Amino acid sequence: VTVLEEAVRSLGAIPSRQRPDYGIPELRSGEKALALAISLEEALLASHLEALPKLSSPDLRGTFASILTVEAQHAAALSGRSEALPKGDLGALA
């Protein structure tokens, strides 16, 4: 996060602040928590992949590419974990 904040500042912009509440629903089962984690990782993957070609700085592109690979690893690990759970509605978070 610090690297990204510094990169944003170096471009003359102000990084976004952390929100006090992200509206995460109460998760009443491991299945629902896993579904949320998978959904978040997939959203992060998509947003970093979409931003990558728009970045003009080679250093920033390298940082985003590095983040992208880690998010892909997270998504793959979580998706593999979901195969071990009892089948249910993994898309229902609340």
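All values reported here derive from a predicted model rather than from experimental measurement.

Reading guide: rules and limits
Along every chain, residues carry numbers that run from 1 in the direction the sequence is written. Only residues with pLDDT of 70 or above have their local features reported here, since the model is predicted, and side-chain atom pairs are shown and tallied only from 80 upward, although totals for entire chains, interfaces and linings are computed over all residues. Side-chain measures here rest on the full set of heavy atoms in the structure, leaving out hydrogens and waters. Strands here are runs of E lasting at least two residues and helices are runs of H or I lasting at least four, both read from the DSSP assignment and numbered beginning at the N terminus. Burial status follows relative accessibility: with a 1.4 Å probe on protein chains alone, a residue under 20% of its type maximum counts as buried, one over 50% as exposed, and anything between as partly exposed. What makes two residues a contact is simply this: any of their non-hydrogen atoms within 4.5 Å. Reported accessibility uses the Shrake-Rupley method at a 1.4 Å probe radius. Residues are deemed covered only where the shown protein chains occlude them. pLDDT: the predictor's confidence for each residue, scored from 0 to 100. For patches, a residue must show more than 30% relative accessible area and have no salt bridge; joins then use 9 Å for like charges and 5 Å for nonpolar side chains, namely Val, Leu, Ile, Met, Phe, Trp and Tyr. By salt bridge we mean one thing: a side-chain nitrogen of Lys or Arg within 4 Å of a carboxyl oxygen of Asp or Glu. Expected span of a helix: the number of residues minus one, times 1.5 Å. Take the buried residues of types Ala, Val, Leu, Ile, Met, Phe, Trp, Tyr and Cys, join any two whose side-chain atoms come within 4.5 Å, and each joined set is a nonpolar core. N or O atoms closer than or at 3.5 Å make up a polar contact, with two conditions inside protein: a donor-capable atom paired with an acceptor-capable one, and, for residues adjacent in sequence, both atoms drawn from side chains.

Enquirer: Is there a simple way to explain the overall build of the protein in this structure?
Expert: Along the protein, the regular secondary structure elements total three helices and zero strands. Reading the helices (α) and strands (β) of the protein from amino to carboxyl end gives α-α-α. Taken over 94 residues, the protein has a buried fraction of 21%. Counting contacts in the protein only where the partners sit at least 6 residues apart, residues at least 24 apart contribute 67% of the total. Just so you have it, the protein exposes about 6,800 Å², and 58% of that area is on carbon and sulfur atoms.

Enquirer: Explain the confidence of the model for the protein here, please?
Expert: Confidence in the prediction of the protein, expressed as mean pLDDT, is 80, and 85% of residues score 70 or more. Element-level mean pLDDT values for the protein span from 84 in helix H1 (residues 2–10) up to 86 in helix H2 (residues 30–51).

Enquirer: How should a nonpolar patch on the surface be read in this particular structure?
Expert: Among the surface-exposed residues, Tyr 22, Ile 24 and Leu 27 lie close enough to one another that they form a single nonpolar patch of about 290 Å² accessible area. Residue placement: Tyr 22 occurs in the loop between H1 and H2. Among the residues examined, Tyr 22 registers a relative accessible area of 45% and is labelled partly exposed.

Enquirer: Looking at this model, I keep getting lost on the pattern of salt bridges. Mind explaining?
Expert: Opposite charge on two side chains permits pairing when their charged atoms draw close. Within the structure shown, the criterion is met by two salt bridges. Across the pair Lys 54 and Glu 50 runs a salt bridge whose closest N-O atoms are separated by 3.4 Å. Side by side, Lys 54 and Glu 50 carry an identical accessibility label, which is exposed.

Enquirer: How should I be thinking about H2 in this particular structure?
Expert: The terminal C-alpha atoms of H2 lie 32 Å apart, and with 22 residues this matches the ideal 32 Å at 1.5 Å per residue to within 8%. For H2, the full list of buried residues reads Glu 31, Leu 34, Ala 35, Leu 36, Ile 38, Glu 41, His 48 and Ala 51.

Enquirer: Looking at this structure, I do not really get the nonpolar core. What am I missing?
Expert: Generally speaking, a soluble globular protein has its nonpolar side chains buried in company with each other. Ala 7, Ala 51, Leu 52, Leu 55, Leu 60, Phe 64 and Leu 68 form the largest nonpolar core, which has seven residues in total. It is helix H3 (residues 58–82) that contributes the most residues to this core, three residues altogether.

Enquirer: Would you explain the environment of Pro 53 in this entry?
Expert: On the secondary structure map, Pro 53 appears in the loop between H2 and H3. You can call Pro 53 exposed: its relative accessible area is 66%. Distance in space between the C-alpha atoms of Pro 53 and Phe 64 is 9.9 Å, their sequence separation being 11 residues.

Enquirer: Teacher, can you tell me more about the side chain of Glu 41 here?
Expert: Structurally, the position occupied by Glu 41 is in helix H2. A polar side-chain atom of Glu 41 sits 3.3 Å from a polar atom in the side chain of His 74. Setting aside residues no more than four positions away along its own chain, Glu 41 makes contact with Glu 71, His 74, Ala 75 and Leu 78.

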